[in-house]
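Given next are the chains, with one letter for each unit.
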Amino acid sequence: MQKIDNIILGRSLLDYYNGLDKSKVILLFKGAMSQNTLVRIGDLIRLPAEEGGEDNYSKRLFAIMVEMSQNILFYSMEQEISPVTGLAVGVGIILVQQMPDIYQIVCGNIISQEQRERLEHQCETVNKMSQDELREYYSAQRRKMVHESSKGAGLGLIDIAKRSKNKLTYDFHEMPDNQFFFSLAAHINRVPQ
């Protein structure tokens, strides 16, 4: 038997595999984010019926994942050509994880300095608002987007905060060439069973 000299292969891959099982990872995806990919991975985050009820976690998880995926698709500085469409699509990572008290949805992708400044301002603005203020702000931004033909107006971040019903957690890790790795996490509180 030939020994594989790679940190992720061999025994360390088994450790990684077992670690993922213990951390209750529902979904982990890293790569080019296309509309087709989004549809396929959306099916993977369906939760058991007992997690549903009036405040359906699956729908909220899916909606947040869609917003995060679209941010990667449209705004990631790292791009690949989609074999399906032949168009450039953004590359990033999405993690959906079940924890004892919360569901955590995390995404990450490479952004520019300009994007960093805009995202930091938007995240700070959204985190200062109550749920009622978020609903009002979302409506105002939608009207502004229609009237000014602006792209996005930060609606995705507002929607993520509204659906998660918690503050956003985010981070910017500096990279070469004046780029940053942007990490965004949303948390949905679970009702204890």
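Nothing here was measured: the structure is a model prediction, and the numbers come from that model.

Definitions and limits used
Residues numbered from 1 in each chain as written. Predicted model: local features only at pLDDT ≥ 70, side-chain atom pairs only at ≥ 80, totals over all residues. Heavy atoms only, no water. pLDDT = per-residue confidence, 0-100. Contact = heavy atoms within 4.5 Å. Axes fitted to C-alpha atoms, helices over the stretch in contact; angles between N-to-C directions. Helix = DSSP H or I, 4+ residues; strand = E, 2+ residues; numbered from the N terminus. Parallel < 35°, antiparallel > 145°, perpendicular 65-115°, else oblique. Left-handed = near helix turned anticlockwise from the far one by under 90°. Phe/Tyr/Trp six-rings, centres within 6.5 Å; stacked < 30°, edge-to-face > 60°. Buried < 20%, exposed > 50% of the residue type's maximum accessible area, 1.4 Å probe, protein only.

A. Geometry of the confidence of the model for the protein chain. When pLDDT is averaged across the protein chain, the result is 82; 81% of the residues are at 70 or more. Across residues 1-9, where pLDDT falls below 50, the model places five contacts with residues more than four positions away in sequence or in other chains.

B. Representation of the packing of helix α3 (residues 57-75) against helix α6 (residues 155-164) in the model. Orientation of α3 relative to α6, taken along the N-to-C sense of each, is 160°, at an axis distance of 9 Å. Taken together, α3 and α6 sit at an angle that is classed as roughly antiparallel. The interaxial crossing formed by α3 with α6 has left-handed handedness. Contacts between α3 and α6 involve R60, A63, I64, E67 and M68 from the first element and G156, D159, I160, R163 and S164 from the second.

C. Examining the packing of aromatic side chains more closely. One pass over the full model with this rule turns up two aromatic pairs. A centroid spacing of 5.9 Å and a plane angle of 70° characterise the contact between Y170 and F172, whose relative ring orientation is edge-to-face. Look at Y170 and you get partly exposed, because its relative accessible area is 22%. Judged by its relative accessible area of 12%, F172 is buried. With centroids separated by 5.1 Å and ring planes inclined at 20°, the aromatic side chains of F172 and F182 adopt a geometry described as stacked. Taken together, the positions of F172 in strand β5 (residues 169-175) and F182 in strand β6 (residues 179-189) put the pair ten residues apart, joining distant regions of the chain. The buried category is assigned to F182, whose relative accessible area is 5%. Ring pairing ties together the aromatic residues Y170, F172 and F182, which thus form one cluster.

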